[in-house]
Structure formats: C-alpha cells, structure tokens
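One letter stands for each residue in the lines below.
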Amino acid sequence: MQSLFVQADSLRQEHVGDQVHLRGLIEISNNCRRNCLYCGIRTENRNVERYRLSKEEILGAAQKAVDFQYGSVVLQAGEDGGIETDWMTDIIREIKKLGLAITLSLGERDDRDFQIWRKAGADRYLLRFETSNPKLFAAIHPPLPNREPVDRIAMLHRLRSFGYEIGSGVMIGIPGQTFLDLAQDIALFQTIPLDMIGCGPYLPHPQTPLGQVATFSQAELREKYGLPEISPEDQVPATAEMAFKVIALARITCPKANIPCTTAVATIDAKEGRKLGLQRGANVVMPNLTPIKYRKLYEIYPNKAAIYLTAEQTHESVLQSLREIGRIPGQGRGDSAAMLERRQNSF
Ligand code: SAH
C-alpha cells in the first residue's frame, strides 16, 4: 500500500504539480425526484426539510469564491425538476460575469438543457456513474416511474460531445459491490476517459433502504430491491483505506485527471482524510460555500465534514491543511490537463 501511495503521489507531482485547485461547492437544492437507495435526500425520505437557494443566495456564495480566489464553483443539487432551464441559464450567465469556471452537478437532465447551459457558459459537468456494474446500478438508482433506465456512461459521452469537461466517479463499498466491480470502475475511468474523477466511501444513511441493513436483512434487500447476491469475502469494505487505494489507482491510471479529495473522504477520516487524500493522488478540494443555514439539510449521508463551519472557517482550514503538507492553492480555473492534452493531440 505504501509503495502504491508513493507512486501515486509522484505521478501527481509530475503531471499536475503541487497546486491544489479549490472549487467552491454550492449545494443549490435538496429537492429530488429520484429514490436512490443510498441517498439521504431521496424523494421518499419525508423527514427532509426541502430547500432551493434563490438566485441572490447562489450569487452571494459565488462571490465568496471570488473573494477567496477560487477559480471555479460547483453547483450541485438533487435531481430537482423545479430547477428550470431558463432560471439556471440566467444564473450561469451571472456567475460567468464573475470570471469563474462553472461545474454543474444536477443529475440526469435532457440533452437540450445540457446544450443550453453549455452555451450560456457552463464549463464542466459532474455525473458519477456510481458503479460500472449495470445490475448493481439499476438496483441502487432505480429509474423514474414509467421511464427507461438512463445510461449515465452514454450521457457522459454526450456531455463531452457538447463541449463539457466531464467528471464522474463511484462510491466505494456499496453493499453488493465486489472487488472485480471496483477494478472495472477504475478501468472505465481510463477508457471513457475522464477529466475529473471524484470517489468516496459509501456512508450509510439511516433513513434510506441501504442504510437500514440492521433492520432489513441482506436477503430482504436482495429480494425487495434486486441487489446482486455476492459472497461476503467479495464485498468491498467502505473504509478510508479503500478510498485512498482508489484515489491512488485513479491517479496511476489517469495521471493527468483532476482528482478531488472528496467530502466523503474528509468525513470518514475527519482528522487526516483531506491531507492523506492529497498525498495519495488527489489535487483538488471542494470547500463548501453553501449558506450555513442550508448546510445540514443537504444530508446525502450523516455527519458530513465541516457542516457547522462558515465558508470563511472552511477556507481557513483548507489553507491550513495545504500549508501542513507543503502544497499551494491553485491559480486560475484549474482546467483539466487531460482535456488540454487531448485538444493538443487533435490539432
Ligand atoms: N443529484 C446529483 C448529485 C448527487 S450528490 C446526481 O445524482 O448526480 C453527489 C454524489 O454523492 C452522488 O453522485 C453519490 O455518489 C454521492 N452520495 C450520495 N449518497 C451517498 C452516501 N450515502 N454515501 C456516500 N456518497 C453518497
């Protein structure tokens, strides 16, 4: 493991350098029409108080990104049908006036929305395929009622053809996920190929079907939700160690990709997770800029890191982590070196 981590860190140094790009994360809505078995804001969780930020709140958070000299913001949400095309287009245009790069992470939308938002100035789209095992994916991420399942990998290819930098990734340790599944996930990062790779441990949320394995037995989960049947020794553990291993392997297989050390990693190892991820292949951090009163409502999993810290406090703590490991905040937009290289090769 140690030599794997050392190799990943040296490839990170060689291909993307010592800069750590900071992306301001703005969780713009926790409304969601989906019913993912793992996610705390799934539509059937009636305990969630729902919110959608106003345009002013989103622009206020984006202004903080400018103040802190972040090169970009990530606008993330549940799959919220109430996020209307024109409303989002207007917000994208306003944020572009601030000079920031924009990543959208709004779930599955129509191609038309993707194209309109790209034209309005959105630069990147983040859509995890969650697992490359189609049976496991269909079970944990059921299609909308009366709709065909969506192929997220095909969607990523279309997003690229519309001109987006594309980001994806998986959860590590989903119940029913085998080591072979995970190895295939990592191989897929390289074949797609991805510009950004965000992975984190699966963290159980008690108000979700997967989080209730204590009350639902494994057999019931299989029967009720169609989870694949695997033998216990094949199950990937949802540990910090496994997450670091995936980050390191992602760096080794995709040396030029932007790889964040995700909030889930910083949550499972609250003390060292962020720094260790950055020392084992990651080169991006996404400090949370969501106004503090909404923070705890975007509870995709419990005990999310930095939930009670203001944007200023989070920013300070990220800078402190960077100082401790001898790294520097990124300058500029932090475009993907993988994307730039592909562009160069095509000329
Ligand atoms: N609605 C958007 C954004 C989802 S939240 C979409 O579906 O793309 C961003 C990511 O959080 C998800 O893609 C998933 O990988 C992760 N996530 C959700 N619930 C989680 C949990 N319980 N544990 C760990 N990660 C989780």
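Refer to the structure printed above.
Just so you know, these numbers come straight off a predicted model, no measurement behind them. (Residues numbered from 1 in each chain as written. Predicted model: local features only at pLDDT ≥ 70, side-chain atom pairs only at ≥ 80, totals over all residues. Heavy atoms only, no water.)

A. Representation of the packing of helix α2 (residues 55-67) against helix α3 (residues 85-97) within the structure. Where α2 meets α3, the axes come as close as 10 Å, and the angle between the chain directions of the two elements is 30°. Looking at the two axes, α2 sits roughly parallel to α3. Crossing of α2 against α3: the hand is right-handed. Within the contact between the two elements, α2 uses Lys55, Ile58, Leu59 and Ala62 and α3 uses Trp87, Asp90, Ile91, Glu94 and Ile95. Across the contact of α2 with α3, the residue classes break down as 6 nonpolar, no polar and 3 charged. (Axes fitted to C-alpha atoms, helices over the stretch in contact; angles between N-to-C directions. Helix = DSSP H or I, 4+ residues; strand = E, 2+ residues; numbered from the N terminus. Parallel < 35°, antiparallel > 145°, perpendicular 65-115°, else oblique. Left-handed = near helix turned anticlockwise from the far one by under 90°. Contact = heavy atoms within 4.5 Å. Nonpolar A, V, L, I, M, F, W, Y, C, P; charged D, E, K, R; others polar.)

B. Quick peek at the nonpolar core. Ile28, Leu75, Met88, Leu104, Tyr164 and Phe189 are the most contacted members of the largest nonpolar core, which totals 92 residues. Looking at which element gives the most residues to this core, the answer is helix α9 (residues 240-253), with 8 residues. Setting aside anything within four residues of it in sequence, one finds Leu75 in contact with Ile26, Ile28, Ile58, Met88, Ile95, Ile102, Thr103, Leu104, Ser105 and Leu106. Counting residues in hydrophobic clusters, the runner-up holds 6 residues, among them Val74, Met196, Val284 and Met286. (Core = buried A, V, L, I, M, F, W, Y, C linked by side-chain atoms within 4.5 Å. Buried < 20%, exposed > 50% of the residue type's maximum accessible area, 1.4 Å probe, protein only.)

C. Region of interest: empty space enclosed by the protein. Evaluated as defined, the whole model comprises 1 cavity of 30 Å³ or more. One number sums up the size of the largest cavity: a volume of about 920 Å³. Along the wall of the largest cavity there are 44 residues; nearest its centre are Gln76, Ser105, Arg128, Glu130 and Ile300. Elements represented by at least two residues in the lining of the largest cavity include exactly β1 (19-29), β2 (72-77), β3 (101-105), β7 (196-197), β8 (200-201) and α10 (263-268). Of the residues that constitute the lining of the largest cavity, the class distribution is 24 nonpolar, 11 polar and 9 charged. (1 Å grid on protein atoms, 1.4 Å probe; cavity = no way out; pocket = protein on both sides within 12 Å on 5 of 7 lines; lining within 4 Å. Points joined across faces, edges and corners; volume = space filled by probe spheres on them.)

D. Looking closely at the pattern of salt bridges. Tallied over the full model, the rule gives 25 salt bridges. Of the charged contacts in the structure, one is a salt bridge between Arg342 and Asp195, with a shortest N-O distance of 2.9 Å. A residue pair is termed long-range when its members are at least 10 positions apart, and Arg342 in helix α14 (residues 337-345) and Asp195 in the loop between α7 (179-191) and β7 qualify at 147 residues. Accessibility expressed as a relative area gives 27% for Arg342, which makes it partly exposed. Classification of Asp195 by relative accessible area gives buried; the value is 0%. Put simply, Arg33, Arg34, Glu79, Glu108, Glu130 and Arg152 are held in one network by salt bridges that share partners. (Salt bridge = Lys/Arg side-chain N within 4 Å of Asp/Glu carboxyl O.)

E. How the structure looks around the site of the ligand. Surrounding the ligand, one finds 18 residues, the nearest of these being Tyr38, Ala77, Arg128, Glu130 and Leu203. Measuring from an oxygen atom of the ligand, one finds a side-chain N or O atom of Arg128 at 2.8 Å. Note that a nitrogen atom of the ligand is positioned 2.8 Å from one of the backbone N or O atoms of Leu203. Burial of the ligand by the protein chains amounts to 92% of its free accessible area of 550 Å². Grouping the constituent residues of the shell around the ligand by class yields 11 nonpolar, 3 polar and 4 charged. (Near = heavy atom within 4 Å. Polar contact = N/O pair within 3.5 Å; in protein donor to acceptor, adjacent residues only side chain to side chain. Areas by Shrake-Rupley, 256 points an atom, 1.4 Å probe, with all protein chains shown as cover.)

F. Examining the layout of surface pockets more closely. Space inside the largest pocket adds up to approximately 350 Å³. Of all the secondary-structure elements, those providing two or more residues to the lining of the largest pocket are α10, α11 (273-279) and α13 (311-324). Ranked by the residues each element gives to the lining of the largest pocket, the list is headed by α13, at 6 residues.

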